[in-house]
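A look at the structure
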Amino acid sequence: MVANGTLVWYYHICKRQVWLMGHGIEPEHENPLMAEGRSITSLFFRRYEENKEINLDNRIKIDLMRGNVIVEVKKSSKFLKAAKMQLLFYLYYLKHEKGVEAKGVLSFPEERRRVEVVLDAESEREISSVIKAIENLINLPSPPPPVKVRYCRRCAYREMCWS
Ligand code: SF4
């Protein structure tokens, strides 16, 4: 399995970006959305003493685990599908690689919103097919051509794609 949580997130935003990241091609500048997301996460965790991100095998980075519930903090729900699939990947990875059955919660503190994410038979099939699709995508000899999506204006690869 070459997929990781970050690639699963980007797979639902832009396939070209997955290929570029999967081939270790670094953008010139850091993605401002990711930096912003990190600062929201650290603000959220000031309320908790156990402010420690859990990094498992460089495949998943869990913001917070309480019992068997994984909490993933996001700045906004604008990319909800991507966030859900990323969390499903965490649950899938924990189950199949670590033998841990967990539930997930997406937390959007600025929107005072929480969304539960459950790995059931249907969602497991869905994330499993995404993992295979990411592997197939990265195995392509060249990246898919750029396609304008709403994320492009904030994307760290934008100069590479559009200049
Ligand atoms: S600039 Fe747009 S097309 Fe290029 S990698 Fe980023 S999101 Fe994808």
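As a reminder, the structure under discussion sits directly above these lines.
Conventions adopted
- Residues numbered from 1 in each chain as written.
- Predicted model: local features only at pLDDT ≥ 70, side-chain atom pairs only at ≥ 80, totals over all residues.
- Heavy atoms only, no water.
- Near = heavy atom within 4 Å.
- Helix = DSSP H or I, 4+ residues; strand = E, 2+ residues; numbered from the N terminus.
- Nonpolar A, V, L, I, M, F, W, Y, C, P; charged D, E, K, R; others polar.
- Contact = heavy atoms within 4.5 Å.
- Core = buried A, V, L, I, M, F, W, Y, C linked by side-chain atoms within 4.5 Å.
- Buried < 20%, exposed > 50% of the residue type's maximum accessible area, 1.4 Å probe, protein only.
- Pairing = 2+ DSSP bridges.
- Axes fitted to C-alpha atoms, helices over the stretch in contact; angles between N-to-C directions.

Before going further, it helps to examine the site of the ligand. Around the ligand, a shell composed of Cys-14, Gln-17, Pro-146, Val-147, Val-149, Tyr-151, Cys-152, Cys-155, Tyr-157, Arg-158, Cys-161 and Trp-162 is seen. At three residues, helix α6 (residues 158–162) tops the list of elements feeding residues into the shell around the ligand. Its residues assigned to classes, the shell around the ligand shows ten nonpolar, one polar and one charged.

Moving on to unusual backbone geometry. Of note in this structure, Asp-57 is not a glycine but carries a positive phi near 60°. Mapped onto the elements, Asp-57 comes out in the loop between β1 (54–56) and β2 (60–62).

Looking at where Leu-7 falls in the secondary structure, it is placed in helix α1 (residues 5–11). Each C-alpha atom, one on Leu-7 and one on Trp-19, is 8.9 Å from the other, the two residues being twelve residues apart in sequence. For Leu-7, the contacting residues outside a window of four places in its chain are Val-2, Val-18, Met-21, Gly-22, Ile-134 and Ile-138.

So, on to the nonpolar core. If you look at the biggest cluster of nonpolar residues, it comprises 43 residues, and the most contacted ones within it are Trp-9, Ile-13, Val-18, Phe-89, Leu-106, Ile-127 and Ile-134. Counting residues per element, the ones that place at least two in this core are α1, α2 (15–22), β2, α4 (80–98), β5 (103–108), β6 (113–117) and α5 (121–138). Ranked by residue count, the leading element in this core is α4, at twelve residues. Every residue in contact with Ile-127, bar those within four places of it in the chain, is listed here: Val-8, Met-85, Leu-88, Phe-89, Tyr-92 and Leu-119.

The subject of this paragraph is the sheet that holds β5. The strand order β3-β4-β5-β6 describes an open sheet built from four strands, whose pairing is mixed. The open sheet terminates on both sides in strands that have one partner only, identified here as β3 (64–66) and β6. Here the strands of the sheet are splayed against their neighbours by 25° on average, with no regard to which way each runs. Of the strand pairs in this sheet, strand β4 (residues 69–73) and β5 are connected by five bridges, and their pairing is parallel.

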